[in-house]
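Single-letter residue listing:
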Amino acid sequence: MVVFNQHPFAVKSTVSFGAYSVTKVLDHNGVEVPFQMVRAPYTDGMNFKKCLFEVELPPMGYRVYYIYKKEENSAETEIATDLKATETTLENNLVKVVLDKESGAVTSYVLKAENREFAKGELGKTIVCDDSNHDTWSHLINKLNDDIGAFGEGELSLIENGPVRATIKSVTKYGKSVLKKYYTLYKNDARLHIRCMLDVDEEYKIIKFSFPVNVESPKVVYSMPYGFIEKAPNGEEDVAHEWVDMVDSNNGSGLGLINDGRYSHCAIDNDLRVIVARSCAYLDHYGKNARDDEMEFIDKGEQEFNFILFPHTDNATADITNSGKVLNMPPVLIQETHHDGVLPQEYSALDIDKKNISVSALKNSESNDGLVIRLCETAGVPTTATVNFKVINKSFELKFTAQEVKTIKINILNKKRQTIMVCLFYLLTHIVFIFFNYFFNTYYFSFICSH
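Residues numbered from 1 in each chain as written. Predicted model: local features only at pLDDT ≥ 70, side-chain atom pairs only at ≥ 80, totals over all residues. Heavy atoms only, no water.

Asker: Quick question: what am I supposed to make of the sheet that holds strand 16 (residues 177-186) here?
Answerer: Hydrogen bonds along the backbone pair up the strands of a sheet, which may run parallel or antiparallel. Spatially, 14-15-16-17-26-23-22-19-20 is the arrangement adopted by the 9 strands of the open sheet, whose pairing is antiparallel. Every interior strand has two partners, whereas the edge strands, strand 14 (152-161) and strand 20 (227-231), have only one. Between one strand and the next, the sheet's axes are offset by a mean angle of 20°, whatever the strand orientation. Pairing between strand 23 (residues 254-259) and strand 26 (residues 301-312): 6 bridges, direction antiparallel. Along strand 26, the bridge assignment pairs isoleucine 258 with isoleucine 308. The strands touched by helix 1 (residues 317-328) within the sheet are strand 20, strand 22 (243-248), strand 23 and strand 26, with strand 23 carrying the most contacts at an inclination of about 20°. (Pairing = 2+ DSSP bridges. Helix = DSSP H or I, 4+ residues; strand = E, 2+ residues; numbered from the N terminus. Axes fitted to C-alpha atoms, helices over the stretch in contact; angles between N-to-C directions. Contact = heavy atoms within 4.5 Å.)

In structure tokens:
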């Protein structure tokens, strides 16, 4: 398995592939890698599992892993893990998470080392808001918090409990709508992953997740292209891209909420909310004044999305930003046969020595004599970083102010080659000039003389 990392920072994550059975996973150095057989989203006779294994990937590069399927290749070694799970709790050496059966929400989220509780209520409670008084675009309406109910009638079940991760499945209902949440905790990781499968059968309703965070002086940090912006928790809907962060203004601690496709957020004091579905009418410009029984509705039916809860005790903007990038652009696994090749089994094309400097674009220059790279600072602090561009054997230092964006061109032609190219350009220009001069003198003057 060749696993690729598209980001300019090292990534520790998991990948999976369909397999009937696996006996061992090794990295290219022969070191055993923790793996776990998990339920696949399909069934093909007895082949309904996937092999999930840990990967540690170099910045903007790849690493090779080897999968063994035969019993005789298995070392039968025990894989150490710090995970503990029951039907209502998930725990590792960093955090303990407690779930409520009825609401399917998190009632306690404790960071063990600091004995820090992040839940001030039910984190991830699914509330329902009335949307009948608004048109499709909610013109002139900035707040959408008319709560009328919540998902309930919940059931919890422990569906995964292995060396790599443990998962509790929650099922809750509201009317004819059904929500499945898969809460997953990985070993030695404080973040809580939430995969959501929502089947909506509502009209003129807004479905929101509510996250009341235990902070004293709340402020909200919203991500945006190339940076972030801080706003007061005033209940108004605001756009954020890959993440939002409910932060204590006094000490920087708080709870980050990372997502892969839900962009409308608001905060009411310490209650961070996000819209996950809105079943308003399609093209309902005039609202109640022009509705009939033939209206069609959006956001109906099945949809899937993901969140990650990121607890932190100080400023973690750079780490949250990087986690958001990995969620939205996860490692890519390519399954291959074993064969010889000229490339190394592990390779990094580019890395940056500061985690708060991100690469957002990389392309050939318009003149085809170099590369153009765009970088940005993501933590809001002045930073000096070294960019090591290994693939072209160049390294350079850049200084950034807070949230600064830099676009630079890197010449990849050496001086000798550049000189040759310049000479060829001028030679070609001279040849064109001579040809044009000959054409002008021969044909234009003969034309004048003949007339």
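Asker: Please explain the nonpolar core as it appears in this structure.
Answerer: Most often, soluble globular proteins keep nonpolar side chains buried together rather than apart. Leu90, Tyr109, Leu198, Phe209 and Phe307 are the most contacted members of the largest nonpolar core, which totals 47 residues. Looking at this core, the element that brings in the most residues is strand 17 (residues 192-200), giving 5 residues. Setting aside chain neighbours within four positions, we find phenylalanine 209 in contact with Gly124, Lys125, Thr126, Leu179, Lys181, Cys196, Leu272, Arg273, Val274, Val276, Phe305 and Phe307. Leu371, Leu375, Val387 and Ile410 belong to the second-largest nonpolar core, a separate cluster that totals 15 residues. (Core = buried A, V, L, I, M, F, W, Y, C linked by side-chain atoms within 4.5 Å. Buried < 20%, exposed > 50% of the residue type's maximum accessible area, 1.4 Å probe, protein only.)

Asker: How should I be thinking about a negative patch on the surface in this particular structure?
Answerer: Residues Asp292, Asp293, Glu294 and Glu296 make up a contiguous surface patch of negative charge. Tracing the backbone through its elements, the reader meets aspartate 293 in the loop between strand 25 (271-278) and strand 26. (Patch = residues over 30% accessible without salt bridge, like charges linked within 9 Å, V, L, I, M, F, W, Y side chains within 5 Å. Areas by Shrake-Rupley, 256 points an atom, 1.4 Å probe, with all protein chains shown as cover. Salt bridge = Lys/Arg side-chain N within 4 Å of Asp/Glu carboxyl O. Lys, Arg positive; Asp, Glu negative; His and termini not counted. Charge placed at Lys NZ, Arg CZ, Asp CG, Glu CD.)

Asker: Help me out: how do you make sense of the packing of aromatic side chains in this one?
Answerer: Pairs of aromatic rings are described using the distance from one ring centre to the other and the angle between the two planes. As enumerated under the stated definition, the model contains 12 aromatic pairs in all. Taking the centre distance of 5.9 Å and the plane angle of 85° together, the rings of phenylalanine 305 and phenylalanine 307 count as edge-to-face. Both residues of the pair, phenylalanine 305 and phenylalanine 307, belong to the buried class. An aromatic cluster is present here, built from Phe209, Phe211, Phe305 and Phe307 joined pairwise through their rings. Cation over ring: arginine 195 sits above tyrosine 182, and NZ or CZ is 4.3 Å from the ring centre. The side chain of lysine 406 reaches across the aromatic face of phenylalanine 400, ending 5.8 Å from its centre. (Phe/Tyr/Trp six-rings, centres within 6.5 Å; stacked < 30°, edge-to-face > 60°. Lys NZ or Arg CZ within 6 Å of the ring centre and 35° of its normal.)

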